[in-house]
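Working through the structure, step by step
Here are the chains, one letter per residue:
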Amino acid sequence: MKSHDISPMILVGQYDSPFVRRVAIALNHYGMAFERRVLSTFQDFDEMLAINPLGKVPSLILHEGDHLYDGRAIIEYLESIAPPDRRLTPSDDARRREMLRVEAVGVGLAEKIYERGIEFSRRSPGTEDPVWIERLEHQIESALRWLEALPHSEWLVGGEMTRADLAVVVAATYVVEKLPQLFDTARFPQLNAYRQRCEALPTFSAAAYSASEALATGWRPEKH
Ligand SMILES: N[C@@H](CCC(=O)N[C@@H](CS)C(=O)NCC(=O)O)C(=O)O
């Protein structure tokens, strides 16, 4: 390698993961080039453990080879090196607090959808826990109702895209794709229209949800 060559950043994970997509969309927005390593936390577990001691995604391998993991930590770091006019964290205190609140609901919703998906797709047949599933579905419904009730203008917080938009859009698309029975579009019309509008933007569509990456690693849809 010549001294002026630098290794590309590498985002590890699949585009059915809302957490991986959130980081990819942030990178696209900042204008930071990256390559992707499509590894599965299930099928490529040993390789994943060598990258992140928890074997989870997303992980980001930086130019100099350092590994960062956890979507929130990765985005916090990227925000600190992004061009100031591309940052996704409002500088105004009240807006920043609102952004953090909405982002937390978006990320938490994605985590609950993930846990709910595991109950079907990764448990041994007959070992699913109906009480736990009911609780997860209650939390998903509650978060979706809370997000639907937000004032939906172009962006969720202030007049510009923030981290809250990334978190909420990928979570909403995740439930539509993985557990559509929990997302009745007639009950969440504002959230659905906003989600679709954002997903059509180049920063989002360049990291579109990938059903084929999910199917390739053993995920299967629930039958209703
Ligand atoms: N809030 C975390 C969630 C990450 C997460 O749960 N990732 C899932 C994949 S979608 C995972 O790695 N699961 C494997 C495991 O927990 O063992 C983030 O944003 O990084």
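Residues numbered from 1 in each chain as written. Predicted model: local features only at pLDDT ≥ 70, side-chain atom pairs only at ≥ 80, totals over all residues.

Quick word on the pairing of strand β2 (residues 34-37)
Pairing of strand β1 (residues 9-12) with β2 involves four bridges; the strand directions are parallel. Of the residues in β2, the one forming a bridge with Leu-11 is Arg-36. In this fold, the crossover linking β1 to β2 by way of helix α1 (residues 18-30) has right-handed handedness. (Pairing = 2+ DSSP bridges. Helix = DSSP H or I, 4+ residues; strand = E, 2+ residues; numbered from the N terminus. Right-handed = clockwise from strand over helix to strand, strands pointing away.)

Examining the site of the ligand
The local shell around the ligand holds 13 residues, among which Ser-17, Phe-19, Thr-41, Lys-56 and Gly-71 are the closest. Elements with a contribution of two residues or more to the shell around the ligand: α3 (71-81) and α4 (93-121). With three residues, the single largest contributor to the shell around the ligand is α4. Here the residues of the shell around the ligand sort into five nonpolar, four polar and four charged. (Near = placed C-beta within 6 Å. Nonpolar A, V, L, I, M, F, W, Y, C, P; charged D, E, K, R; others polar.)

Here's the deal with the nonpolar core
Core analysis: the biggest nonpolar cluster contains 51 residues, and Val-23, Ala-26, Ala-110, Val-168 and Ala-171 have the highest contact counts within it. In terms of residues, this core owes the most to one element, helix α6 (residues 163-178), which gives 10 residues. A domain-level breakdown of this core finds at least three residues from each of domain 1 (9-86) and domain 2 (93-207). When residues no more than four places from it in sequence are discounted, the contact partners of Val-168 are Val-102, Gly-106, Leu-147 and Leu-156. (Core = buried A, V, L, I, M, F, W, Y, C linked by C-beta atoms within 7 Å. Buried ≥ 20, exposed ≤ 12 C-beta atoms within 10 Å, placed from the backbone. Domains from an automatic or database assignment. Contact = placed C-beta atoms within 7 Å.)

A short note on the packing of α4 against helix α5 (residues 130-148)
At a closest axis distance of 9 Å, the pairing of α4 and α5 adopts a crossing angle of 150°. In terms of axis orientation, α4 runs roughly antiparallel to α5. α4 and α5 meet at a crossing whose hand is left-handed. Each of Val-105, Gly-108, Leu-109, Lys-112, Ile-113, Glu-115, Arg-116 and Glu-119 in α4 lies in contact with α5, whose residues at this interface are Trp-132, Ile-133, Leu-136, Glu-137, Gln-139, Ile-140, Ala-143, Trp-146 and Leu-147. Of the residues contributing to the contact of α4 with α5, the split by class is 10 nonpolar, two polar and five charged. (Axes fitted to C-alpha atoms, helices over the stretch in contact; angles between N-to-C directions. Parallel < 35°, antiparallel > 145°, perpendicular 65-115°, else oblique. Left-handed = near helix turned anticlockwise from the far one by under 90°.)

Focus: helix α7 (residues 189-199)
Listed in full, the buried residues belonging to α7 are Leu-191, Tyr-194, Arg-195 and Cys-198. The buried side chains of α7 occupy one side of the element, clustering within an arc of 100° when seen end-on. Exposed residues lying more than 90 degrees from the buried face of α7 are Pro-189 and Ala-193. (Arc of directions from axis to C-beta.)

Some words on the domain arrangement of the protein chain
What the domain assignment reports for the protein chain is domain 1 (9-86) and domain 2 (93-207). Counting residues at the interface gives 11 residues for domain 1 and 11 residues for domain 2. Among the elements that make up the side of domain 1 that touches domain 2, the one with the highest residue count is α1 (nine residues). Counted by class, the side of domain 1 that touches domain 2 contains seven nonpolar, two polar and two charged residues.

Description of the packing of α4 against α6
For the pair α4 and α6, the least separation of the axes is 8 Å and the interaxial angle reads 25°. Classed by the angle they form, the pair α4 and α6 counts as roughly parallel. Pair α4 / α6 crosses with left-handed handedness. For the pair α4 and α6, contact is made by Met-99, Val-102, Glu-103, Gly-106, Val-107, Leu-109, Ala-110, Ile-113 and Gly-117 and by Arg-163, Ala-164, Ala-167, Val-168, Val-170, Ala-171, Tyr-174, Val-175 and Lys-178, respectively. In terms of residue class, the contact of α4 with α6 is made up of 13 nonpolar, two polar and three charged.

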